[in-house]
Amino acid sequence: MTERFRNILLDREGAIATVTMNRPERRNALSLEHLEELLACIGEIGGDGESRVVILRGNGPAFSAGHDLSEMVDRDAGFYQRLFGVCTEVMETIQSIAQPVIAEVHAMATAAGCQLVASCDLAVASSEARFATPGVKIGLFCTTPMVALTRAVGAKKAMEMLLTGEPISAAEALSAGLVNRVVAPAELHAATRTLADRIIASSSYVVGLGKRAFYRQLRLAQSEAYAYASGVMCTNAAADDAQEGMSAFLEKRRPVWRGT
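Residues numbered from 1 in each chain as written. Predicted model: local features only at pLDDT ≥ 70, side-chain atom pairs only at ≥ 80, totals over all residues. Heavy atoms only, no water.

### Quick word on the overall build of the chain
We apply this condition: Here a strand is any run of E in DSSP of at least two residues, a helix any run of H or I of at least four, and the numbering for each starts at the N terminus. Burial status follows relative accessibility: with a 1.4 Å probe on protein chains alone, a residue under 20% of its type maximum counts as buried, one over 50% as exposed, and anything between as partly exposed. For this analysis, residues touch if any pair of their heavy atoms sits within 4.5 Å. Only the protein chains shown count as cover for residues, and all accessible areas are computed by the Shrake-Rupley method using a 1.4 Å probe. Under this rule, positive means Lys or Arg and negative means Asp or Glu; His and the chain ends count for nothing. The location of each charge is read from NZ of Lys, CZ of Arg, CG of Asp or CD of Glu.
When you go through the chain residue by residue, the secondary structure sums to ten helices and ten strands. In terms of overall dimensions, the chain has C-alpha extents of about 65 × 45 × 40 Å along its principal axes. Put simply, the chain has 260 residues, and 45% of those count as buried. Restricting to contacts in the chain with at least 6 residues of sequence separation, those with at least 24 account for 67%. Accessible surface, the chain: about 12900 Å² in total, of which carbon and sulfur atoms supply 55%. Of the charged side chains in the chain, 26 are positive and 29 negative, and the gap between their average positions amounts to 5 Å.

This is the structure in structure tokens:
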């Protein structure tokens, strides 16, 4: 699959698929072509039966500098609609596939790059990472990054980032809920893999069911969310892996997952 792409690399190691943004000379700026490749790659991983966790990372001096401004000057409305439409599809695909997607953030994640981090299910950051939505400084408010950002952090912190455009540190991102953990740069990849391995230890069927339910219930009022979640729990309880997991717990043994 990697040979089909110019802007990303795909590596599979067991149940983990690692997608690496590979435009270091452009700080992994998200051109339309780059976004289309991310969409195709993540969508295909979502459809395979082998990968159970996805790690999204970047090569070079930045995780991602956001949209590629060099292709956004003097374009017509159709181009902008296509660009932001594909970007939205990428963010929604990350959350719609069954596999959890973990952002491994080693450096700056700006604008749509910050949106990528906020859209991932989990994020591990180097202590050297920074996060910003600086569009306001160049006359292009980070409106689409705002959608993901406001669903990951509190309203006041999101508004501060959007209105000032100033970057926040990895420690601030952790406090705000944008990332799950912050580690020393040398420990970043190992920490991300440890998190992925913990997810892989559980049933792929149950993880996928839970991920879908998580995002759907967020959109519902509390009473509707409980009604929906109760139905999911009933489906889950009757599944092979739930029966195996409960039996294994009672019998004090390790479960053997079937993925059903």
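Additional details are given in the paragraphs that follow.
### Details of unusual backbone geometry
Notably, Arg27 is not glycine yet its phi reads approximately 55°, a positive angle. The partly exposed category is assigned to Arg27, whose relative accessible area is 39%. A positive phi angle is found at Ala111, which is not glycine, with a value near 50°. Locating Ala111 in the fold gives a position in the loop between strand S6 (108–110) and helix H3 (112–119).

### Considerations on the nonpolar core
Stated precisely, the cut-off is as follows: Buried Ala, Val, Leu, Ile, Met, Phe, Trp, Tyr and Cys residues form a nonpolar core when they are joined through side-chain atoms within 4.5 Å.
Val117, Phe131 and Leu178 are the most contacted members of the largest nonpolar core, which has 54 residues in total. Within the second largest apolar cluster, 13 residues are counted, among which are Val53, Ile55, Leu188 and Leu195.

### Some remarks on helix H10 (residues 240–250)
To be explicit about the condition: Working note: the arc is built from the helix axis to C-beta atom directions.
Of all the residues in H10, the buried ones are Asp241, Ala242, Glu244 and Ala248. Axial view of H10: buried residues confined to an arc of 165°, hence all on one face. Where H10 is buried, its residues contact helix H8 (204–218) and helix H9 (222–238). Of the residues trailing H10, Lys252 is marked for its positive phi of about 55°.

### Let's talk about the packing of H3 against helix H4 (residues 143–152)
The line we're drawing: Each axis is a line fitted through C-alpha atoms, taken for helices only over the stretch in contact, and angles between the N-to-C directions span 0 to 180 degrees. A clockwise turn of the near helix away from the far one marks a right-handed crossing, whereas an anticlockwise turn of less than a right angle marks a left-handed crossing. Here the term charged refers only to Asp, Glu, Lys and Arg, the term nonpolar to Ala, Val, Leu, Ile, Met, Phe, Trp, Tyr, Cys and Pro, and the term polar to all other amino acids, Gly among them.
Contact geometry of H3 with H4 gives a least axis separation of 8 Å together with a crossing angle of 35°. H4 is crossed by H3, and the crossing has left-handed handedness. Facing H3, whose interface residues are Ala112, Cys114, Gln115, Ala118 and Ser119, H4 presents Thr144, Pro145, Ala148, Leu149 and Ala152. Across the contact of H3 with H4, the residue classes break down as seven nonpolar, three polar and no charged.

### Some points on the pattern of salt bridges
Going by this rule: For salt bridges, the criterion is a side-chain nitrogen of Lys or Arg within 4 Å of an Asp or Glu carboxyl oxygen.
Tallied over the entire structure, the rule returns 15 salt bridges. The closest approach of N and O atoms between Asp68 and Arg23, which form a salt bridge, is 3.3 Å. Taken as a pair, Asp68 in the loop between strand S4 (62–64) and helix H2 (77–96) and Arg23 in the loop between strand S2 (16–21) and helix H1 (32–47) lie far apart in primary sequence, 45 residues in all. Relative accessible area serves as the criterion here: at 4%, Asp68 is assigned to the buried category. Among the ionic contacts, a cluster of salt bridges with common partners joins Arg23, Arg26 and Asp68.

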